[in-house]
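Residue-level listing of the chains:
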Amino acid sequence: MIAYADALAALREHRSRFHSFDLREAFRTDPQRFSRFSASLDDLTLDYSKCAVTDETMRLLAQLAEAAGVAGRRDAMFAGEEINITEHRAVLHTALRHSGGPVYCKGRDVMADVQAVLAAMEEFASGIRSGSLKGATGKRFTDVVNIGIGGSDLGPCMATLALAPYHDGPALHYVSNVDAAHIADTLARLDPETTLIIVASKTFTTVETMTNAATARRWVAEKLGEEAVGAHFAAVSTALDKVAAFGIDQSRVFGFWDWVGGRYSVWSAIGLPLMIAVGPENFRKMLAGAARMDEHFREAPFGQNLPVLLGLVGFWHRVICGYPSRAIIPYDQRLARLPAYLQQLDMESNGKRVRLDGSPVETPTGPIVWGEPGTNGQHAFFQLLHQGTDVIPVEFIVAAEGHEPELRRHHDLLVANCLAQAEALMRGRTLEEARAQLLAKGMSEEEAEWLAPHRVFPGNRPSVTILYRKLDPFALGRLVALYEHRVFVEAALFGINAFDQWGVELGKELATELLPVVEGRKDALGRDSSTAGLVQRIHALRKG
Ligand SMILES: O=P(O)(O)OC[C@H]1O[C@](O)(CO)[C@@H](O)[C@@H]1O
């Protein structure tokens, strides 16, 4: 087998011969380009034909995947090996959506625990939804507030909006930011008598969540009395002792395990608010969709394996082409939080600078991930995507059908815009075309000559399109799992650990140190002059 360094060098050499590659030409000369550079799983299609790749590119990328041991790493993950080596943990979020045989972690089958928590969640969620579980004053819960941040917020928050057409439970509110504005604005609209608070934190130490939880607890206790707290709180955590210390009854605590990373936890009890919103049956359909993608990732040959292909194309763009960012543009208003969700998934996983053995990486690693739903983005930042000086690969996500058949024209416009943007990025507009268009509009030769350069689109800009029938719970689960495994594949290609997040620690430590300085209990002696100067200004501004 070829060595990793040689496989990488072969890709770089291949790319150096790409100067004249033109996507327009590639489509003109090959009518089969779409079928050759797309792959499907059921109704889900990944089209990467609008990326500057050839058969040889894909062969060389597959060769790199082999040299990087992607298949072996994947199998190690599913087998429950401790692939998160810096935290000595297995990575088994796939067990949360697994049905069937045993899944072993440290020699123990985890499936009984997984099923038991799922059953407990279902009983609780059904009780809240039916009204059999009531607040302290006997009223039915009309609102649920989830207090969590990062992986304990983004997944259920993103999915609750995504599955709005299936939402038939109480109203959901997500509070994450430690900024008082977030909890104050949320609670101001709610009645404690009919509000259930879920405190979601894997560690139950995260300062934002603990601060918000304490504020919510006071809100309930002040309005309904201390004895009402138990009926209005539930918790999701791996730290059951800390939850008990907070005062939440054990019967309302839903656990998960250290082998579930925060950004991979929407499938666990962290999904409880989502389950309350859409019901256990729809939650299980989402799990089934993710399981379908797991099965595909494990079994499909690399040439038809969607997460592998998406990962290979991502690596090609990031490392070999050197594009620093990736835009995720769902043409679906209900996927408005998907870019933020994928930001954590991708950037917290692959924003790393050392390899598994601690040596510095030799290639760039995870890209900057960002995005907004289409068509809104078109009226904001698409200008730069089309005519800016950086090339930014775009990932378009779109459903063939919407949930509003009576508003079919909206959906047709949405889809047409999505396809048009991908085509425009690929095709562009030459100077001659721009000039001819202006002349056809009746402009003088001189004026057309002057204006035409402003109306040139370089084109030849890459995009991927992910298409499926409809955004139902199954499709959402499948889509999210596709991205999870894509991040996994890219991490394996970079040779890094995707499952730790040491990069979030330093800021947290310094915030702890700075809190007494901001509060004025400690002076800023020894701090840099910028920090000390800003603290001084803050104190002066507060004095008025
Ligand atoms: O669920 P917890 O323990 O409150 O952590 C929240 C988030 O904080 C992080 O640890 C990073 O700040 C994320 O990885 C995690 O999703």
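Residues numbered from 1 in each chain as written. Predicted model: local features only at pLDDT ≥ 70, side-chain atom pairs only at ≥ 80, totals over all residues. Heavy atoms only, no water.

An unreviewed UniProt entry annotates the protein chain as Glucose-6-phosphate isomerase of Chelativorans composti. Per UniProt, the protein chain has the following entry under Catalytic activity (unreviewed entry): "alpha-D-glucose 6-phosphate = beta-D-fructose 6-phosphate". (UniProt positions renumbered as here; feature names shortened; annotations may be inferred.)

Side note on the packing of helix α13 (residues 280–299) against helix α20 (residues 473–494)
Look at α13 against α20: their axes get within 7 Å of each other, and the N-to-C directions meet at 40 degrees. Between α13 and α20, the interaxial angle falls into the category oblique. Crossing handedness for the pair α13 and α20: right-handed. Residue-level inspection shows Asn282, Lys285, Met286, Ala288, Gly289, Ala290, Arg292, Met293, Asp294 and Phe297 of α13 in contact with α20, the latter providing Pro473, Phe474, Leu476, Gly477, Arg478, Ala481, Leu482, His485, Phe488 and Val489. Among the residues forming the contact of α13 with α20, the class breakdown is 12 nonpolar, four polar and four charged. (Axes fitted to C-alpha atoms, helices over the stretch in contact; angles between N-to-C directions. Helix = DSSP H or I, 4+ residues; strand = E, 2+ residues; numbered from the N terminus. Parallel < 35°, antiparallel > 145°, perpendicular 65-115°, else oblique. Left-handed = near helix turned anticlockwise from the far one by under 90°. Contact = heavy atoms within 4.5 Å. Nonpolar A, V, L, I, M, F, W, Y, C, P; charged D, E, K, R; others polar.)

Focus on the environment of leucine 306
Residue placement: leucine 306 occurs in helix α14 (residues 306–320). Its relative accessible area of 0% is what places leucine 306 among the buried residues. Between the C-alpha atom of leucine 306 and that of proline 280, which follows or precedes it by 26 residues, the distance is 28 Å. (Buried < 20%, exposed > 50% of the residue type's maximum accessible area, 1.4 Å probe, protein only.)

Some points on the sheet that holds strand β5 (residues 143–147)
Overall, parallel pairing links the five strands, which are arranged β6-β5-β7-β8-β9 in an open sheet. Whereas interior strands pair on both sides, the edge strands pair on one side only; in this sheet they are β6 (171–175) and β9 (253–255). Averaged over all pairs of adjacent strands, the angle between strand axes in this sheet comes to 20 degrees, irrespective of strand direction. Taken together, the three bridges between strand β8 (residues 233–237) and β9 define a ladder with parallel strand orientation. Opposite alanine 235, over in β9, you have valine 253 as the bridge partner. Strands β5, β6, β7 (195–200) and β8 of the sheet are contacted by helix α9 (residues 207–224), whose axis makes an angle of about 160 degrees with β7. (Pairing = 2+ DSSP bridges.)

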